[in-house]
Amino acid sequence: MSSLNTTTPRTKAHIKGAPARHQAMLDYLIQAGSAQVDELAERFGVSRMTVHRDLDSLSEQGMVNKQHGGVTTRSSSVFESNFALRSHIATREKQALARAALEEIAPGEAVMLDDSTTVSELASLLPNREPLTVITNGLESMDRLKAASGIKLITLGGDYQPRFNATFGLLCEQTLVNLRANIAILSASAILGTTTYVQDPAVTQIKRVQMAAAERRILLIHSAKFGHSALHRLADLSEFDLVLIDAGLSAEHRAALDEADVVYRLVKA
């Protein structure tokens, strides 16, 4: 094998064992977004068959989406990547959106949080608005709030889905329909025109029930999700009282929102 740059993980000697290689491969794919099998085989100094096995393992965990001859970490119309992976994407923008959402919350309110990585960033900030009642099906938000003395935390049961690190299903829905919140804060997977979409039907259903169980609805959405679609329609942007978007939104998409009279605010990261 020819000598390779020792500053990059390109040989078996640099990464010992499949778990370490899986993590290194995932780290690389998060940065690159997508790659070909041959590219990964050369970069990590392993056979194409080994790369396929590695990608199968990552795919089973919901980390990547295998395609013909390659792989991507980007969500598609039918595939939503793993929560742990999504939590590393656009973190600055998500944190800025969370700070903007916090301004819409008053002490003493009941706040509904969905399962998204964007909204889980808000959970960390909610102790700044104590006392609050927080209702969520997202385990990451639960974990961030469980030690907050001024937060009354209502957790929604149901079927746990590891890919989303959240609960869904009939039990979750039955609990929600018996609750009422002042505000529901959600995110979505894609926006085409002025319609929001989500890949998974169970996720879509719980988000819809969360929207129906609140007096106000706020959507936190990254600008890169505009111009894309997913399998299941969630809601029109007009169904939200406020849409918070990072400042990277294109002029074309801003014009479409203005024309549709969507109430939105651009947030600098």
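Report on the accompanying structure. As the structure is a prediction and not an experimental result, all values here were calculated from the model. (Residues numbered from 1 in each chain as written. Predicted model: local features only at pLDDT ≥ 70, side-chain atom pairs only at ≥ 80, totals over all residues. Heavy atoms only, no water.)

1. Some points on the packing of helix 1 (residues 18-32) against helix 3 (residues 48-60)
Axis angle and axis distance: for two packed helices, these are the angle between their axes and the distance between the axes, and together they describe the pair.
Part 1: For the pair helix 1 and helix 3, the least separation of the axes is 10 Å and the interaxial angle reads 80°. The angle between helix 1 and helix 3 places the two elements in the roughly perpendicular class. Contact residues: helix 1 offers Arg21, His22, Met25 and Leu29, while helix 3 offers Thr50, Asp54, Leu55, Ser57 and Leu58. (Axes fitted to C-alpha atoms, helices over the stretch in contact; angles between N-to-C directions. Helix = DSSP H or I, 4+ residues; strand = E, 2+ residues; numbered from the N terminus. Parallel < 35°, antiparallel > 145°, perpendicular 65-115°, else oblique. Contact = heavy atoms within 4.5 Å.)

2. Quick word on the pattern of salt bridges
Part 1: What the rule picks out here adds up to eleven salt bridges.
Part 2: Between Glu140 and Arg144 there is a salt bridge, with its nearest N and O atoms 2.8 Å apart. Residue Glu140 and its partner Arg144 are both found in helix 7 (residues 139-145); the two are separated by four residues, about one turn of the helix.
Part 3: Taking relative accessible area as the criterion, Glu140 reaches 22% and is therefore assigned partly exposed.
Part 4: Overall, Arg144 belongs to the partly exposed group, its relative accessible area being 31%. (Salt bridge = Lys/Arg side-chain N within 4 Å of Asp/Glu carboxyl O. Buried < 20%, exposed > 50% of the residue type's maximum accessible area, 1.4 Å probe, protein only.)

3. Quick look at the sheet that holds strand 2 (residues 65-67)
Part 1: Strand order in this open sheet of three strands is 1-3-2, and the pairing throughout is antiparallel. Two strands lie at the open edges of the sheet, namely strand 1 (34-36) and strand 2, each paired on one side alone. This sheet shows a mean twist of 20° between the axes of neighbouring strands, independent of strand direction. (Pairing = 2+ DSSP bridges.)

4. Side note on the packing of aromatic side chains
Part 1: On inspection of all chains with the given rule, the structure shows two aromatic pairs.
Part 2: Taking 6.4 Å as the distance between ring centres and 80° as the angle between the ring planes, the aromatic pair formed by Tyr28 and Phe44 counts as edge-to-face. Of the two residues, Tyr28 is situated in helix 1 and Phe44 in helix 2 (residues 37-44); the sequence distance between them amounts to 16 residues. By the burial criterion, Tyr28 is buried, and Phe44 matches it. (Phe/Tyr/Trp six-rings, centres within 6.5 Å; stacked < 30°, edge-to-face > 60°.)

5. A closer look at the pairing of strand 6 (residues 151-155)
Part 1: Where strand 5 (residues 132-136) and strand 6 come together, five bridges link them in parallel fashion. Among the inter-strand pairings, Leu132 is bridged to a residue of strand 6, identified as Ile151.
Part 2: Taking the sense of rotation as the criterion, the β-α-β connection linking strand 5, helix 7 and strand 6 turns out right-handed. (Right-handed = clockwise from strand over helix to strand, strands pointing away.)

6. Here we look at the packing of helix 2 against helix 3
Part 1: Two numbers describe how helix 2 lies on helix 3: the axes approach to 9 Å, and their chain directions differ by 105°. By the criterion of interaxial angle, the relationship of helix 2 to helix 3 is roughly perpendicular. In contact with Val37, Asp38, Leu40 and Ala41 of helix 2, helix 3 contributes Arg48, Val51, His52 and Leu55.

7. Digging into the nonpolar core
Part 1: Counting 33 residues, the largest nonpolar core has Leu219, Ile221, Phe226, Leu237 and Val243 as the members making the most contacts within it.
Part 2: Listing elements by their share of this core, those giving two or more residues are strand 4 (110-113), strand 8 (166-168), helix 8 (170-176), strand 9 (181-186), helix 9 (201-212), strand 12 (214-221), strand 13 (232-236) and strand 14 (242-246).
Part 3: The element best represented in this core is helix 9, accounting for four residues.
Part 4: Other than its neighbours up to four places away in sequence, Leu237 contacts Ile191, Thr194, Thr196, Leu219, Phe226, Val243, Leu257 and Val262.
Part 5: Of all hydrophobic cores here, the second largest spans 25 residues; its members include Ala98, Val119, Val134 and Val267. (Core = buried A, V, L, I, M, F, W, Y, C linked by side-chain atoms within 4.5 Å.)

8. Re the pairing of strand 14
Part 1: Summarising burial for strand 14: five of the five residues are buried, a large majority.
Part 2: Burial of the side chains of strand 14 extends over both faces: Leu242, Leu244 and Asp246 are buried on one face and Val243 and Ile245 on the other.
Part 3: For strand 14 and strand 15 (residues 264-267), the ladder comprises four bridges, and the chain directions are parallel. Among the inter-strand pairings, Asp246 is bridged to a residue of strand 15, identified as Val267.

9. Looking at the environment of Ala202
Part 1: Structurally, Ala202 is set in helix 9.
Part 2: Its relative accessible area of 33% is what places Ala202 among the partly exposed residues.
Part 3: Between the C-alpha atoms of Ala202 and Gln161, which are 41 residues apart in sequence, the distance is 9.9 Å.

10. Thoughts on the sheet that holds strand 12
Part 1: Strand order in this open sheet of seven strands is 6-5-4-9-12-14-15, and the pairing throughout is parallel. Strand pairing shows two members of the sheet lacking a second neighbour, strand 6 and strand 15, which therefore form its edges. Sheet twist, expressed as the average angle between the axes of neighbouring strands with direction ignored, equals 20°.

Just distances and angles here, no functional claims.
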